[in-house]
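So the chains spell out like this:
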Amino acid sequence: MTKQFSLPRGTNDILPGEMVLWQDMEDKARRLLATYNFKEIRTPLFEQTILFKRSLGQTSEVVKKQLLELASAQKEPSGSKDEGFALRPEGTASVVRSYIENSMDRKEALTKLFYIGPMFRGERPQKGRLRQFHQIGVEAIGANTTSPYLDAEVIMLNVELLAALGAKDFRLKINTLGSPEDKENFSKALRKSLQKDVGKLCDDCKERFERNVFRILDCKNESCQALVAGLHLGHGHLSEASRRYYNQLKDILRSAEVLFEEVPALVRGLDYYTHTVFEITQASLGSQDALSAGGRYNNLVAQLGGPSVDAVGFACGMERILLAMPAETKSRESRLMAYVIALDDQVFPKACRIARGLRAAGITSDINYKVSSLKSQMRSADKAKSRYVLILGEEEDKKGVVALKDMATGEQQEIKEDMLASFFQGKE
Ligand code: HAM
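Within each chain, residue numbers correspond to sequence positions counted from 1 in written order. Per-residue local features are limited, in this predicted model, to residues with pLDDT of at least 70; the limit for side-chain atom pairs, both in listing and counting, is 80 or more; totals at the level of whole chains, interfaces and linings are taken over all residues. Values reported for side chains reflect all heavy atoms of the structure, with hydrogen atoms and water molecules removed beforehand.

**Here we look at the overall build of the protein chain**
In this description a helix means any DSSP run of H or I spanning at least four residues, a strand means any run of E spanning at least two, and both kinds are numbered starting from the N terminus. A tally of helices and strands in the protein chain yields 16 helices and 15 strands. To get the radius of gyration, use the C-alpha atoms; to get the globule rule, take the number of residues to the power 0.38 and multiply by 2.2 Å. What you see for the protein chain is a C-alpha radius of gyration of 28 Å, clearly larger than the 22 Å of a compact globule of 428 residues, by over 25%. Only protein chains enter the accessibility calculation, which uses a 1.4 Å probe; a residue whose area is less than 20% of its type maximum is buried, one above 50% is exposed, and one in between is partly exposed. Looking at the protein chain as a whole, 49% of its 428 residues qualify as buried. In the protein chain, 62 positive and 58 negative side-chain charges are present, and the distance between their average locations comes to 3 Å. For the charge count, each Lys or Arg is scored as positive and each Asp or Glu as negative, with His and the chain ends excluded. Just so you know, the charge point we use is NZ for Lys, CZ for Arg, CG for Asp and CD for Glu.

**Notes on the pattern of salt bridges**
A pair is scored as a salt bridge if a Lys or Arg side-chain nitrogen falls within 4 Å of a carboxyl oxygen belonging to Asp or Glu. The final tally for this structure, using the stated rule, is 29 salt bridges. Where D366 meets R359, a salt bridge forms, and the shortest distance between an N and an O atom there is 3.7 Å. Owing to a relative accessible area of 37%, R359 belongs among the partly exposed residues under this scheme. The salt bridge involving K398 is made with E394; its shortest N-O contact spans 3.6 Å. With K398 and E394 both in helix α15 (residues 394–399) and four residues apart, this pair spans about one turn of that helix. No difference in accessibility class separates K398 from E394, as the two residues are exposed. A cluster of three or more residues bridged by salt bridges with shared partners is formed by E26, R30, E40 and R42.

**What to know about the pairing of strand β6 (residues 171–176)**
The element β6 is largely enclosed, with a buried count of five among its six residues. Pairing between β6 and strand β8 (residues 274–281): six bridges, direction antiparallel. By the bridge assignment, I174 is partnered in β8 with F278. Two strands qualify as a pair provided that DSSP identifies no fewer than 2 bridges between them. The pairing of β6 with strand β7 (residues 261–262) spans two bridges and is classified as parallel. Pairing of K173 across the sheet is with E261, part of β7.

**Looking at the packing of aromatic side chains**
Here a Phe, Tyr or Trp ring, Trp counted by its six-membered ring, pairs with any other such ring whose centre lies within 6.5 Å, and the pair is stacked when the planes are under 30 degrees apart, edge-to-face when over 60, and tilted otherwise. One pass over the full model with this rule turns up eight aromatic pairs. Relative to Y297, the ring of Y272 lies with its centre 5.4 Å away and its plane at 55°, an arrangement referred to as tilted. Separated by 25 residues along the polypeptide, Y272 in the loop between β7 and β8 and Y297 in the loop between β9 (290–296) and α10 (300–303) bring together distant segments of the chain. For Y272, a relative accessible area of 5% gives the class buried. With centroids separated by 5.5 Å and ring planes inclined at 85°, the aromatic side chains of Y388 and F423 adopt a geometry described as edge-to-face. Of the two residues, Y388 sits in strand β13 (residues 388–392) while F423 sits in helix α16 (residues 420–424), which places them 35 residues apart along the sequence. These aromatic residues form a ring-pair network of at least three members: Y272, Y273 and Y297.

**Things to note about the packing of helix α2 (residues 49–56) against helix α4 (residues 92–101)**
For helices, the axis comes from a line fit to the C-alpha atoms of the stretch in contact; other axes are also lines fit to C-alpha atoms, and the angle between any two N-to-C directions lies between 0 and 180 degrees. Close contact between α2 and α4 brings their axes to 9 Å; oriented N to C, the two are set at 105°. In terms of orientation, α2 and α4 fall into the roughly perpendicular class. Mapping the contact onto sequence places L51, F52 and S55 in α2 and A93, S94 and R97 in α4. Nonpolar residues are Ala, Val, Leu, Ile, Met, Phe, Trp, Tyr, Cys and Pro. Charged residues are Asp, Glu, Lys and Arg, and all others, Gly as well, are polar. Grouping the amino acids of the contact of α2 with α4 by side-chain chemistry returns three nonpolar, two polar and one charged. Working definition: roughly parallel below 35 degrees, roughly antiparallel above 145 degrees, roughly perpendicular at 65 to 115 degrees, and oblique for all remaining angles. Contact definition: two residues touch when any of their heavy atoms are within 4.5 Å.

**What to know about the site of the ligand**
Taken together, 26 residues form the shell around the ligand, and within it E90, E123, E139, Y273 and A290 come nearest. E139 places a polar side-chain atom, nitrogen or oxygen, 2.8 Å from a nitrogen atom of the ligand. With residues, only the protein chains shown are counted as cover, and all accessible areas are computed by Shrake-Rupley using a 1.4 Å probe. Notes on the ligand: free accessible area 660 Å², of which the protein chains cover 96%. For the shell around the ligand, the secondary structure elements donating two or more residues are β5 (132–142), β9 and β10 (310–317). Here the shell around the ligand gets six residues from one element, more than from any other, and that element is β9. Its residues assigned to classes, the shell around the ligand shows 11 nonpolar, eight polar and seven charged. Near, as used in this document, describes a residue that has one of its heavy atoms within 4 Å of the molecule or strand being considered. In the analysis that follows, any N or O atom pair within 3.5 Å is treated as a polar contact, provided that within protein one partner can donate a hydrogen and the other can accept it, and provided that, for residues neighboring in sequence, both atoms belong to side chains.

**What about the sheet that holds strand β12 (residues 365–367)?**
Pairing is mixed across the open sheet formed by five strands, whose spatial order is β12-β11-β13-β14-β15. Every interior strand has two partners, whereas the edge strands, β12 and β15 (412–416), have only one. The average undirected angle you get between the axes of adjacent strands in this sheet is 30°. In this sheet, strand β14 (residues 401–406) lies alongside β13 in antiparallel orientation, the contact comprising four bridges.

**Remarks on the nonpolar core**
Put simply, buried Ala, Val, Leu, Ile, Met, Phe, Trp, Tyr and Cys residues joined by side-chain atoms within 4.5 Å make one nonpolar core. Counting residues in hydrophobic clusters, the biggest one holds 50 residues, and the most contacted among them are I141, L201 and I216. Element by element, the count of residues in this core is highest for α4, at four residues. Every residue in contact with I216, bar those within four places of it in the chain, is listed here: L194, L201, C205, R208, F209 and V228. If you look at the next biggest cluster of nonpolar residues, it comprises 41 residues, including M25, L33, V138 and L322.

**Here we look at helix α5 (residues 148–164)**
The end-to-end C-alpha distance of α5 is 24 Å, a good match for the 24 Å that 17 residues give at a rise of 1.5 Å each. Taken together, the buried positions of α5 are P148, L150, D151, A152, V154, I155, L157, N158, L161 and L162. Two residues or fewer past α5, G166 is found with a positive phi of approximately 100°. Residue count minus one, scaled by 1.5 Å, sets the expected span of a helix.

**Here's the deal with the sheet that holds β8**
Pairing between sheet strands relies on hydrogen bonds along the backbone, with the strands arranged either parallel or antiparallel. Strands sit in the order β1-β4-β5-β10-β9-β8-β6-β7 across an open sheet of eight strands; the sheet is mixed. Since the sheet does not close on itself, it has two edges, and those belong to β1 (39–40) and β7, each with one partner. Relative to β9, β8 runs antiparallel, the two being bridged by six bridges. Each residue of the ladder has a partner; that of T274, found in β9, is R296. Packed on one face of the sheet, helix α9 (residues 240–255) meets β6, β7, β8 and β9 and runs near 160° to β6.

Next up, the structure:
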């Protein structure tokens, strides 16, 4: 058999064997987020391209290099506001679009939403960097909810979520960009300090210097990084009010005993952030070490045509959490409880009835559809990784019992058919 088709680079099949782990992560996330009163939202996997350009910023790497745009044949009829669509590279822009479109601001003062699902970025794939990856994201949006307590709560929720999902040894890094005016001052100050060295920047950063100087701080080019390391980045650009806000946030985190590091060069790659920004990293992940990231975005909703409301949120990368999980946390037992074997065609219909009866009692069970020798059927049972095997032959049929084998101990016993369901109940 020659292989004709292969998985697109930078994507993964989540195979049935790994599914338990994914479902487990999702269940834990849903349970924890519900305790914080966050409600789930599902938005389309694609949106108008212009939505992402306006929210993430024309100069962000995600928009400039990574948007996966859909073919032109699928465009809206000409004359509409924007004709193109792109697969969503992140969830915040879509959630804000939906918040505005559904007038959620009229329904509650603070709207707390979360999402779990795939995101798409046309990146060069490497360890921890995929073209299709999954995020668990959280957005708290509402009028006048700029409060360092909400920032702190969202950060603490992020830490708690990562711990609940089994991630270990991660570090929380925080910074503030200040208000839009402070951000503008920060950008001017950065430009001033880099002015004399523009010639030493990489070609991309020369352009970034003109269009969005913050992006230089994230550049991976060695000479750019050396220049950035020599900058004296501080918080001189902050207004008194922004400084107070940031100090309050740090006080709240300290009093809640949340460990954090301040990183003045942390500016995040997306344009919408104001004030608080944060990232949670894990050293074992190498160059793609961010498990999660987020921050405040007080202007985005109004900028996209909605009411003037504040917002804060984060998103965790699920594949990265899995990469960072210790191996022992990853191993999961098979959930198949009973595997039914019929030793001849006469008893096969009864074996099917037994399996159906167990399922009706909520017990996971399967059946071997190919009646063959006991030895070969036991091999199939082994592959199915069932905890118990039920063997039904002519003799058992006459006695109204089945032979029940515990696959872990090898012990075998006879059990009456009508006792089967109660035997398994409570074992799962
Ligand atoms: P982001 O930093 O672009 O922020 O992505 C958040 C997380 O998604 C990253 O920390 C990482 O774990 C994961 N991630 C991003 N790109 C990839 C990739 N190519 N392959 C694998 N994992 C990846 C956002 O997306 C913002 N929307 C977060 C946010 C929500 N800010 C406010 N609210």
